[in-house]
Structure formats: structure tokens, C-alpha cells
Amino acid sequence: SSYFNEIKDPRVKRTKKHLLKDILVIAILAVIGGAEGWEDIENYGIAKEEWLSEFLELPYGIPSDDTFRRLFERINPIALSECLTKWVQQLIPSLEQKIVPIDGKCLRGSYDREQGIKALHLVTAWVAEQNLTLGQIKVEDHSNEITAIPALLELIDLSGAIITIDAMGTQTEIVRLIREKKADYVLALKTNHPTLHAQVKNWFDKAQADNFEGIQFSHDRRVEKGHHRTEKRLVWAVPLSEFGGLYKQAQWSGLQTIVMVERTRHLWNKVTSEVQFYLSSLPPDAQNLGNAIRTHWGIENQVHWTLDVTFNEDHCRVRAGNSSLNLALLRRMALNALNQEQSLKRSLRQKMKRAAMNNDYMMTVLQSFCQ
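Residues numbered from 1 in each chain as written. Predicted model: local features only at pLDDT ≥ 70, side-chain atom pairs only at ≥ 80, totals over all residues. Heavy atoms only, no water.

Student: I keep staring at the overall build of the protein chain and nothing clicks. Help me out?
Tutor: On a plain count of helices and strands, the protein chain comes out with 12 helices and 9 strands. When the 371 residues of the protein chain are sorted by exposure, 52% land in the buried category. Nonlocal contacts in the protein chain, meaning residues at least 24 apart in sequence, comprise 64% of its contacts between residues at least 6 apart. Accessible surface, the protein chain: about 17900 Å² in total, of which carbon and sulfur atoms supply 47%. (Helix = DSSP H or I, 4+ residues; strand = E, 2+ residues; numbered from the N terminus. Buried < 20%, exposed > 50% of the residue type's maximum accessible area, 1.4 Å probe, protein only. Contact = heavy atoms within 4.5 Å. Areas by Shrake-Rupley, 256 points an atom, 1.4 Å probe, with all protein chains shown as cover.)

Structure, rendered in C-alpha cells:
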């Protein structure tokens, strides 16, 4: 809870019956236990009051759902996000060679047609190896992820990390910032850079037709089977020098390698095939680059899908003030804590239920949260 000391209390003196730290701790424990809104959080507090009073002050008992709602509408989400980032960076002292996917997610339930409130869109950085959310930032209305990504990069110490972003983030300015932060990148190259994309595609078409004759390159082949499907991935990593000068090449800071990935999926009823290109500051090692690209797809399954299926994020209708953003941060803190706890070999939902019912197990989750 020392991480919460830097969060400023938005309430005026005379309305502060409950301590800010108590409110924050109860809210996080409740969300770890599956709470989806303010009434759930109050109910959790009431059910666990005796146990909570062993380590919280609770001068006026458990705060009401209205108190939780009003406070989370007004807490500064940037301060709460920094608190999350500091905590994770203490769990992972170094990001050296760790893959950090950055990706956006829309919270569908957070829009309000009558109030003219758009759905909240978040950009999240995730440490793949530890399955931890490192930080997140809100995409401002009327803008897009391109403006949110630099703000997120500024928030985190990324030295030594390998940043992966989908085509939306493949921008020369973002690349410059990643290099400035002493990190590497593997970024998808799609048709939003039409000239460069066409040039790379034509080069690979010709190289493949000539069987890569006389070209220096690295190649990797992977086959994965499961869930009634087989996926074959072929990766070619080619040093930049082989291309004889690409369109506006100098603008891509630190660019070293161009990658082509060919994925063929055999499903029970059809075969699909796709080719994708990537720009990277890493050396041309197809196995290493293929791994980073595959890991990037994991943020969809392990973070976004989990938040929807286990935490019901897309159905959450909390949306006034900063509340939807702050509640989303609490869910990511809870997901981090449950992922860090490894002793119970059960699904995330079962761990959540066990934590809600069993105070000793909740303490185990908290200890993995505060190693």
C-alpha cells in the first residue's frame, strides 16, 4: 500500500470520513475477488469487515458504494497508472530482452449514447514473459492510438526491452522514441505506408522467385498443432543492406532488419494463408524475431480476452468521470496479482472465487503482488 501514498486525495477536508488508503485497498481486494462495480465492492467490504479491520484503520466502518463511486470518478487516473507501473517494475527489475507488446482495447460497455460519452479506448503495455500489465493510458476522444502510444512509452522505463506494436504504431516518431528509450522494436508494416509496403513486398516476391539466390538471410520454420488445426509459420529475416535503399529509409531510426512471415492455417473445413511484413531494429535472426511476433498476438488472448471473459469488462456500465478508466486499472492490477500467484493450479476464475471466499488465499495472492 506504500505505492498509494503518491495518489492525491481529491476530496475536500470536511468530507473525508474514510481513509483514501482503506478505500483503495478494499477496492483492489474486491476486484481480485470478482467485484464488477461499486455495490459489489461495498458488499465485499461488509462481508470481510472483521478481517479487513486487522490491517486497515476503518474509522467509520466500510465506505458506502456512493463513496467508492465518487472517489473513483475523481481520482487522477495517471497517478493510479503510475502506481501500477512502479509496482510492476519492482516485480521485474530489468526488461532486458523481454518482449513488451503494446496494443489497444475498446471497453464497449463504457459508452453512453444519451450523455454523448464515447466508449473508452485504452492502450496497454504488457510484459509477455511474466504475463503482467506494465502500464496503460487512455486514448483521448477525437484522436487515435498514435497519440497515446508515445505518452505510454514516456511513462515506463523500457531500456533493453523489445517493443512490438501492430501497424497503427508503425510511425517514424514512435520508432525514434523507442530508440531514445534504449529499447528495440518489431513493428508490423502494412498498407498504411503504401510506398514502403509495396517496395518490400515486390522485393520479397522477386527474392522468393529466385529462391533467395545470392541473398544473405535467416530462415525459421514452425509447425504447431492443436484445437483441430495446424498452423505453419515461415519466417525470413533479411538485413537492411540487402535491399539497396528503401523509401525514406533514414527516417526509421535504428532499422536493421526486414521480416516476412507466412502463416498457413489448416482448419477442419478450410485452409487460410497470409503474409505479413515487419520492420525491426534487431539483428536478422528469424527464430528470435518470429518469437517476438508470435508473442505479440498473445496480448489479445492473455489480456484482452481474459478481461472480457473473466472480469466481464465489456459488459461493465460504469462510466461517469474517471471511474471507467480507474476501474479498468483496478482490473489490470487484479489480473496481475492473480497471474503472479502460481501455487493454485486452477483457472483464473477459480483463483478469483477462492480469493473471494478464503482470506488466507487472498493473502497468498497479495504476497505474490508485493514480493
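From this point, the narrative continues.
Student: Would you take a moment to explain the packing of helix H1 (residues 20–32) against helix H4 (residues 65–74) for this structure?
Tutor: Angle between the axes and distance between the axes: these two values describe a pair of packed helices. Remark: H1 packs on H4, axes separated minimally by 11 Å, with the N-to-C direction vectors making an angle of 100°. When the interaxial angle is binned, H1 and H4 end up roughly perpendicular. Across the interface between the two elements, Leu20, Ile23, Leu24, Ile26 and Ala27 from H1 touch Thr67, Phe68, Leu71 and Phe72 from H4. (Axes fitted to C-alpha atoms, helices over the stretch in contact; angles between N-to-C directions. Parallel < 35°, antiparallel > 145°, perpendicular 65-115°, else oblique.)

Student: I would appreciate a short explanation of helix H11 (residues 348–357) in the present structure.
Tutor: Residues separated by three or four positions in an α-helix point in the same direction, a consequence of the helix having 3.6 residues per turn. Residues of H11 that are buried include every one of Leu348, Lys351, Met352 and Ala355, and no others. Each buried residue of H11 lies within a common arc of 100° when the element is viewed along its axis, so the set occupies one face. (Arc of directions from axis to C-beta.)

Student: Help me understand the pairing of strand S9 (residues 271–280) in this model?
Tutor: A regular strand places its side chains so that they alternate between the two faces of the sheet. Where strand S5 (residues 184–189) and S9 come together, 4 bridges link them in antiparallel fashion. Residue Val186 lies in a different strand from S9, and its bridge partner there is Ser280. Pairing of strand S8 (residues 257–266) with S9 involves 10 bridges; the strand directions are antiparallel. Across the sheet, the residue bridging to Thr257 is Ser280, located in S9. In sequence, S8 turns back onto S9 through a hairpin of 4 residues. (Pairing = 2+ DSSP bridges.)

Student: Mind showing me how you'd approach the pairing of S5 here?
Tutor: Counted residue by residue, S5 has 6 buried out of 6 residues, so it is predominantly covered. Of the two faces of S5, the one carrying Asp184, Val186 and Ala188 and the one carrying Tyr185, Leu187 and Leu189 are both buried. As paired elements, strand S4 (residues 162–165) and S5 share 4 bridges and run parallel to each other. Note that in S5 the partner of Thr164 across the bridge is Val186.

Student: I'm lost on the side chain of Asn336 in this one. Help?
Tutor: Assignment of secondary structure puts Asn336 in helix H10 (residues 323–340). Once residues within four sequence positions are removed from consideration, Asn336 is found in contact with Leu84, Trp87, Val88, Asn131, Leu132 and Thr133.

Student: Any chance you could explain the packing of H1 against H10 here in plain terms?
Tutor: For the pair H1 and H10, the least separation of the axes is 9 Å and the interaxial angle reads 60°. Classified by the angle their axes make, H1 and H10 are oblique. In the packing of H1 onto H10, the handedness of the crossing is right-handed. Note on element contacts: H10 touches H1 through Leu327, Leu330, Arg331, Met333, Ala334, Ala337 and Leu338, opposite Ala27, Ile28, Val31 and Ile32. (Left-handed = near helix turned anticlockwise from the far one by under 90°.)

Student: Just to check I follow, could you spell out unusual backbone geometry for this structure?
Tutor: For residues other than glycine, phi is negative in most cases, and the peptide bonds are mostly trans. One non-glycine residue, Lys182, lies in positive phi territory at about 60°. For Lys182, the location among the structural elements is in the loop between helix H7 (172–180) and S5. The phi dihedral of Asn211 falls on the positive side, at around 55°, and the residue is not glycine. Its place among the elements puts Asn211 in the loop between helix H8 (194–209) and strand S6 (218–226). Given the relative accessible area of 66%, Asn211 is considered exposed.

Student: Help me out: how do you make sense of the packing of aromatic side chains in this one?
Tutor: Aromatic ring pairs are reported here in terms of the distance separating the ring centres and the angle at which the planes meet. All told, the structure shown has 9 aromatic pairs when counted by the stated rule. Here Trp203 and Phe243 contribute two aromatic rings whose centre-to-centre distance is 4.1 Å and whose plane-to-plane angle is 35°, an arrangement assigned as tilted. One end of the pair, Trp203, is in helix H8; the other, Phe243, is in the loop between strand S7 (229–239) and S8, and 40 residues separate them in sequence. Note on Trp203: relative accessible area 18%, which makes it buried. Look at Phe212 and Trp236: their rings are 5.9 Å apart centre to centre, the planes differ by 10°, and that puts the pair in the stacked class. Pair noted here: Phe212 is in the loop between H8 and S6 and Trp236 is in strand S7, with a separation of 24 residues, a long-range link. (Phe/Tyr/Trp six-rings, centres within 6.5 Å; stacked < 30°, edge-to-face > 60°.)

Student: Is there a simple way to explain the environment of Asp9 in this structure?
Tutor: Residue placement: Asp9 occurs in the segment before H1. With 62 residues separating them along the chain, Asp9 and Leu71 place their C-alpha atoms 8.4 Å apart. With residues near it in sequence (within four places) discarded, Asp9 still touches Lys16, Leu20 and Leu71. At a separation of 2.7 Å, a polar atom in the side chain of Asp9 contacts the side chain of Arg11. (Polar contact = N/O pair within 3.5 Å; in protein donor to acceptor, adjacent residues only side chain to side chain.)

Student: Any chance you could explain the nonpolar core here in plain terms?
Tutor: Generally speaking, nonpolar side chains in soluble globular proteins are found buried as a group. Ranked by size, the top nonpolar core spans 95 residues in total, and within it Ile32 and Phe204 carry the most contacts. Take this core: its biggest share by element is 11 residues, from H1. If we skip the residues at most four places from it in the chain, Ile32 touches Ala334, Ala337, Leu338, Met352, Ala355, Met362, Val365 and Leu366. Counting 15 residues, the second-largest nonpolar core is a separate cluster that includes Ile162, Ala237, Ala292 and Ile293. (Core = buried A, V, L, I, M, F, W, Y, C linked by side-chain atoms within 4.5 Å.)

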